[in-house]
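Next come the chains, spelled out residue by residue.
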Amino acid sequence: MAVTAGAPRRRGALPFLSFIPQGRGTTLGIYIIKRLLWMIPVLFFVIVITFFLMHQAPGGPWDREGRQLSPAVIQNLNIKYGLDKPEWQQFLTYISGVIRFDFGDSLRSPGQHVSDLLLESWPYTFTLGALTFILLVPIGIGLGVIAALRQNSLVDYTALGLATAAASTPNFVVGIFLIILLAVGLNRVTGGTFYLATGGMPQPFNPFQPELIMPVITLGALPTAYIARLTRSSTLDTLRQDFVRTAWAKGLRARLVVMRHVLKNSLIPVVTALGPTFAFLITGSFIVETLFSIPGIGRTFVNSIAGRDYPLILGTTILYAVLIAVINLIVDVLYVFIDPRVRLTD
Amino acid sequence: MATAIGVAQQVDWDVAEQIGLWQDAWMRFRRNRLAVAGLVFIILMIVLAIGARLPTTPGGLWRILHLTGDPFQQDVTNTFAGPSLQHLLGTDVLGRDLLSRIFYGASISLSIGIIVQFLILVIGGSIGMAAGYFGGWIDNLLMRFTDIMYAFPDLLLVLVFVAAFGPSFWSIFIALGLVYWVGLARLVRGQVLSIKEKEFIEAARMTGTAPLKLIIKHLLPNSLGPVIVTLTFGIPAAIFTEAALSFLGIGIRPPEPSWGVMIEDGYAGIFADPQLVIFPGIAVALTMLSFTFVGDGLRDALDPRMRR
Amino acid sequence: MAQTLLQVEDLHTQFFTSRGVVRAVDGVTLHVDAGETLGVVGESGCGKTITALSVLRLVPEPGRITSGRIMFRDRDVTKMDDEEIRDFRGNDVAMIFQDPMTSLNPVTKVGFQIEEAMTAHNRFSASLAKSRVVELLKRVRVPAAETRVKDYPHQFSGGMRQRAMIAMGLANEPSLLIADEPTTALDVTVQAQIIQLMKQLNRELGTAMMLITHNMALVASLCQRVVVMYAGRVVEEGPVEQIFKSPQHPYTWSLLRSVPRVDEARKDRLVSIKGLPPDLINPPPGCKFHPRCPFVIDRCKTEEPSLGEVALNQVARCWVLMRNVQQADVEAAKASALSVEAAQKLKAEEPEVGSLAGS
């Protein structure tokens, strides 16, 4: 499914989803439905690959650090959870569960539904991701625009340098440096009385916790830098276009030229990049969550892999895949509204 | 007949043009100071890395020259030491020499980062070429497959692969190759498609000559630039992935001193002795930064639009 | 009595590049009177576009107007401050550009782009501007103007886009419209339509126009006077009929030679001008055209001629002048676009109404 430039829109299109005509007789509504349906085989493959990969991994859910469980106990546990059956059978059992939206129970946290565990951890990840996103959009775009408008000035080089440095440093390194600086450093300098907490996120949906400062910066540094660089290069390209010259020739004020003509064009690729960026924030947060002990989905996922907690691994993977697919779909649809030259095609 | 001759001339002219492009590109690259600095740093790192592994005694060349210690030798009487003549950067939590471990880590990061690009080139390149050349349902199938790959968050997929194969150097290597080929495949496919559309290919097809050789002959000079740039940018991504996985405990395991492992080790003692974390952190950051600068420089140097 | 709208005096516009200073406009003097259409011709790179951009102070980096005056009525454009120049652009003088596809904002409706030309200058209220847009589109003969207003540029055909650009240029009823190669990017048939349109508009509105082009046929159709530029300077200027009948500068002559003409009895071979445009960073000494001139003499290589009057209202910058060239040399030049060393045929240094070298 691609988004391409196509035939001109028929005049008189109403802004109701199912009535917007696209290329080749597809309407927006049909396109969305097709995309949603397409998600199903994709998800299926995702589950297949993950399932069989996980079962290749050495070790099992019953391995314990230090004192091992006795083989008899392990045997019983396997029978209880159906792990003694052949893999393909386990797979089918799992799939039949998924269809009924039953994702099984966690093996490492017995008695807890996978869906519950995910629901518990979701608010933390979402808060972190959303907060980071809300901050990074204006900062990233703002920096990029300023750098472009004042090309080759000190501001430009500083912004560009910062952005490149941030984009090239692994985020956990950034996080660790922040910890060293703000936690260890402050601690030492103030004799132990003042330091930024390095871990945890006491309340799920509250964006105003100081514990979030370092994780947000850590998580957001790279995407912000990326968006800034993208905005800058896109704006520079747009500034070279003929229609900007036309705008000046009409005698428009500078502010209008920039906002209405330059930015309206140069931000198009940036906006489309924001979709995958948001997806990255949500799904790529596990490093940050581990570093700062935030009990979000990412950390759950990492722990589940280490512990070979198969249902939890699968549940999380499915969640991630669905999220990414939905975000991509939203971005593709949004693109039609942003750029009038574009039509959706299959 | 005339068309065939015209075709051959067209290709030769393009190829000749490309060679001039390389010399031009090198000159432009040289003017980009950041890129040159990055290149220098990388070369330095490579030298240090090689010296840390060869000869194959622990510590390699640098140990023999008494510049560093042994990356694996523990000395519990001398943990968390500060810089000294024997240990230029001090020792870590188990008394091991930090500097030698950093050099050793360089060898791990660089070899994974750089060598995996070849794997990516093979996988991504062949899939991209197949999709572009054959077109039709093969193209469709392969592109759907890449869509599925795209549906996974890459890091997670690598994680899953690495966990499946067991944490080790080679499993990371293979996992990276299996996940990150997608970008290159799309690039190559696009290149093949655009070459296929050029008129001289049509001409060749009409005179009956198989365009495959023509395409390849023309593909190489044209796409070498973007491919190199893509692969160069892939190196810091690979280095980052390995470090991240090792940091999380799912990648390279101790006592192998990958930078990620060192950071993980040092994290516990961060309040007491932050330099155990700072040095490997800086090492990773600078290495990734250097590759990014080089990548930027290459991209600007090879950009045909800026040819003047 | 024709009133002079625009008077460009000894304009110098230069580009400061890493390879040197490009003297794009190197001492240009020209004027446009109210209601008249002035043609500015020359090959690519001769400085005609930059001259036009200088009038609106739209010269892109790294270029700057370095000296000279640009008088519009009684104000000097080069000395206007930001607010004045903003008021001036699109209002007193408007400009339309070569490629209408790239010159229009692709993500904004066409009607709105025309509207904003008006609202930028507070001459029309918002609602009046909206209705004027439709009027303007009708005036430039865009069919179905009322619905077209809501379209985007990519939904217009090439010719319609150029009409829309013209509408945009005329929106504020400027006294002078500068048109930079308005037909070059269009199909041949569409070109003819646009030329028709421009003639009509000139008759209806009486707007003065500065038409920049390398197409002599266009000049013949639309202009009363023409200025010929080469290497950043004016090399000939005069009324269109005179210039076409008896061009005095060899460059003008060559330009006219390279266009087939209906009024020629014989089928003359088209003469292409050999050689490449001059390097504007290190121009050749003496007359800038001498390396490519079929009638060059020694003096041309060392001394640059100044603009001298060669006929009533006609000036040319040449030591030789076409009317002093022997017919034989003219034929030789026509026959083989090779440079003829006219040293043997050297006539007086001063332009003389002497031998009859037909053109």
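Quick caveat, the model's predicted, so the values are computed rather than measured.

A count of helical and extended segments in chain A gives 12 helices and two strands. Going from the N terminus to the C terminus, chain A shows its helices and strands as β-α-α-α-α-α-α-α-α-α-α-α-α-β. Of all 346 residues assigned to chain A, the portion counted as buried reaches 49%. By sequence separation, contacts in chain A at least 24 residues apart represent 74% of the contacts at least 6 residues apart.

Attention now moves to the packing of helix 4 (residues 110-119) of chain C against helix 7 (residues 158-170) of chain C. Residue and element names in this part refer to chain C. Interaxial distance between helix 4 and helix 7 falls to 8 Å at its minimum, and their mutual angle equals 20 degrees. Our classification of the angle between helix 4 and helix 7 gives roughly parallel. Handedness of the crossing formed by helix 4 with helix 7: right-handed. Across the interface between the two elements, Val110, Gln113, Ile114 and Ala117 of helix 4 pack against Ala164, Ala167 and Met168 of helix 7. Across the contact of helix 4 with helix 7, the residue classes break down as six nonpolar, one polar and no charged.

Moving on, we get to the sheet that holds strand 4 (residues 63-72) of chain C. All names here are of chain C. Strand order across the open sheet formed by four strands is 2-1-4-5, with antiparallel pairing between neighbours. Both edges of this open sheet fall to strand 2 (20-33) and strand 5 (75-76), since each of them pairs with a single strand only. With 11 bridges joining them, strand 1 (residues 4-17) and strand 2 adopt antiparallel strand pairing. Paired with Leu11 across the bridge in strand 2 is Val28. Along the sheet face, helix 1 (residues 48-55) touches strand 1, strand 2 and strand 4 and points at about 110 degrees away from the line of strand 1.

Our next topic: the interface of chain A and chain B. Taken residue by residue, the interface counts 42 residues in chain A and 38 residues in chain B. Both sides of the chain A and chain B interface together cover about 3600 Å² of buried area, and 81% of this is carbon and sulfur. Where chain A meets chain B, there are one salt bridge. Measuring nitrogen to oxygen at the nearest pair gives 3.5 Å for the salt bridge that ties Asp296 of chain B to Arg229 of chain A. Inspection of the region where chain A meets chain B yields two residue pairs in polar contact (both at pLDDT 80 or more). If you list the elements that add at least two residues to the side of chain A that touches chain B, you get helix 1 (28-56), helix 5 (154-168), helix 6 (171-189), helix 7 (213-239), helix 10 (286-291), helix 11 (297-306) and helix 12 (310-338) of chain A. Examining the composition of the side of chain A that touches chain B, we find that 11 residues originate from one element, helix 6 of chain A, more than from any other. For the side of chain A that touches chain B, the residue count by class is 28 nonpolar, 10 polar and four charged.

Now for helix 6 (residues 154-165) of chain B. Residues and elements named next belong to chain B. Across its 12 residues, helix 6 extends 17 Å between first and last C-alpha, which sits within 8% of the 16 Å expected from 1.5 Å per residue. Counted residue by residue, helix 6 has 10 buried out of 12 residues, so it is predominantly covered. Burial in helix 6 covers these residues: Leu155, Leu156, Leu157, Val158, Leu159, Val160, Phe161, Val162, Ala163 and Ala164. Positive backbone phi, at 90 degrees, marks Gly166, one or two positions downstream of helix 6.

The next subject is the side chain of Asp92 of chain C. Along the chain, Asp92 of chain C falls in the loop between helix 2 (82-88) and strand 6 (93-96). Overall, Asp92 of chain C belongs to the buried group, its relative accessible area being 18%.

Quick look at the nonpolar core now. Membership of the largest hydrophobic core comes to 142 residues, with the highest contact counts inside it found for Phe172 and Ile176 of chain A together with Leu159 of chain B. In contact with Leu159 of chain B, other than residues within four places in its own chain, are Phe286, Phe301, Val302 and Ile305 of chain A together with Leu245 and Ile250 of chain B.

A word on the side chain of Thr283 of chain A. Residues and elements named next belong to chain A. Relative to the assigned elements, Thr283 resides in helix 9 (residues 254-283). Classification of Thr283 as buried rests on a relative accessible area of 5%. There is a polar contact of 2.8 Å between the side chain of Thr283 and the backbone oxygen of Ala279.

All names here are of chain C. Taking 1.5 Å per residue as the helical rise, helix 8 (residues 188-205) with its 18 residues ought to reach 26 Å, and the 26 Å between its terminal C-alpha atoms agrees with that figure. The set of residues buried in helix 8 consists of Val190, Gln191, Ile194, Ile195, Leu197, Met198 and Leu201. Mapping the buried residues of helix 8 onto a view down its axis gives an arc of 165 degrees, with all of them on the same face. Opposite the buried face of helix 8, at more than 90 degrees from it, the exposed residues are Val188, Thr189 and Arg203. Residues of helix 8 that are buried sit in contact with helix 5 (126-139), helix 7, strand 7 (176-180), strand 8 (208-213) and helix 9 (216-222). Just downstream of helix 8, Gly206 is the residue with a positive phi angle, here 70 degrees.

Calculation criteria
Residues numbered from 1 in each chain as written. Chains lettered and ligands numbered in written order. Predicted model: local features only at pLDDT ≥ 70, side-chain atom pairs only at ≥ 80, totals over all residues. Heavy atoms only, no water. Helix = DSSP H or I, 4+ residues; strand = E, 2+ residues; numbered from the N terminus. Buried < 20%, exposed > 50% of the residue type's maximum accessible area, 1.4 Å probe, protein only. Contact = heavy atoms within 4.5 Å. Axes fitted to C-alpha atoms, helices over the stretch in contact; angles between N-to-C directions. Parallel < 35°, antiparallel > 145°, perpendicular 65-115°, else oblique. Left-handed = near helix turned anticlockwise from the far one by under 90°. Nonpolar A, V, L, I, M, F, W, Y, C, P; charged D, E, K, R; others polar. Pairing = 2+ DSSP bridges. Buried area = accessible area lost by both parts, 1.4 Å probe. Salt bridge = Lys/Arg side-chain N within 4 Å of Asp/Glu carboxyl O. Polar contact = N/O pair within 3.5 Å; in protein donor to acceptor, adjacent residues only side chain to side chain. Expected span 1.5 Å × (residues − 1). Core = buried A, V, L, I, M, F, W, Y, C linked by side-chain atoms within 4.5 Å. Arc of directions from axis to C-beta.

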